[in-house]
Amino acid sequence: MAVRFIRTGNDPVLREKAKEVRSITPVIQRLLDDMLETLRHSSNGLALAAPQIGILKRLVVIDMDDQVYELVNPRITQMEGVCLDFEGCLSLPEMAGEVERAERVTVEALNRQGETFTLGADGQLARALQHEIDHLDGVLFIDKVKGKVHRYE
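One structure accompanies this document, and this report is about it. Note that this is a predicted model, so its numbers are computed, not measured.

Structural notes on the sheet that holds strand S1 (residues 47-49)
Inference 1: Reading across the sheet, the five strands line up as S1-S2-S3-S6-S7 and stay open at both edges, with antiparallel pairing between neighbours. Whereas interior strands pair on both sides, the edge strands pair on one side only; in this sheet they are S1 and strand S7 (116-122). Mean inter-strand twist for the sheet, computed between neighbouring axes without regard to direction, equals 40°.
Inference 2: Alignment of strand S3 (residues 67-80) against strand S6 (residues 104-110), held across six bridges, turns out to be antiparallel. Pairing of Met 79 across the sheet is with Val 105, part of S6.
Inference 3: Packing of helix H2 (residues 123-136) onto the sheet brings it into contact with S1, strand S2 (59-64), S3, S6 and S7, and relative to S2 it is tilted by some 155°.

Structure representation (structure tokens):
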């Protein structure tokens, strides 16, 4: 495993749409491992999408509440409710803002063995899934902030 460089600010890769993973290979599995290692090496991250490390593949890792989620080609299949809360991002470390997201989501994805699974989530996990899937489409949380983006130095 290796810690990868997290792309930040105006890096153009953060605005590109990631490509679907066609097959789960040892290279993809190693990339998931590297993403988790990179996430754990960051000071305050909960989740990471492959574009954040410069890889335009539809991969997400989430490490939350002593549970690791690895998602290949995730897509939201159902959304319910509305919740407004503050978000930040490893790729925009000096910024935060209130973002409206669905309160509950259902996501379909592949695991690291290529098996399809469905994940139902609410609360912080639902927010993280939506945030990271946005990254796969080149969308940053600042695009969805309600009101003012707060900057920290």
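Some remarks on the pattern of salt bridges
Inference 1: Under the counting rule described, the total for this entry stands at 15 salt bridges.
Inference 2: For the salt bridge of Asp 143 with Arg 15, the shortest nitrogen-to-oxygen distance reads 2.5 Å. In this pair, Asp 143 sits in the loop between H2 and strand S8 (150-151) while Arg 15 sits in the segment before helix H1 (26-41), placing the two residues 128 residues apart along the sequence.
Inference 3: In this structure Arg 15 comes out as partly exposed when scored by relative accessible area, which is 42%.
Inference 4: A salt bridge links Glu 103 to Arg 104; the nearest nitrogen and oxygen atoms lie 3.3 Å apart.
Inference 5: Note on Arg 104: relative accessible area 34%, which makes it partly exposed.
Inference 6: Counted as one network, the salt bridges with shared partners bring together Glu 87, Arg 101, Arg 127, Asp 134 and Lys 144.

Parameters and conventions
Residues numbered from 1 in each chain as written. Predicted model: local features only at pLDDT ≥ 70, side-chain atom pairs only at ≥ 80, totals over all residues. Heavy atoms only, no water. Pairing = 2+ DSSP bridges. Helix = DSSP H or I, 4+ residues; strand = E, 2+ residues; numbered from the N terminus. Axes fitted to C-alpha atoms, helices over the stretch in contact; angles between N-to-C directions. Contact = heavy atoms within 4.5 Å. Salt bridge = Lys/Arg side-chain N within 4 Å of Asp/Glu carboxyl O. Buried < 20%, exposed > 50% of the residue type's maximum accessible area, 1.4 Å probe, protein only.

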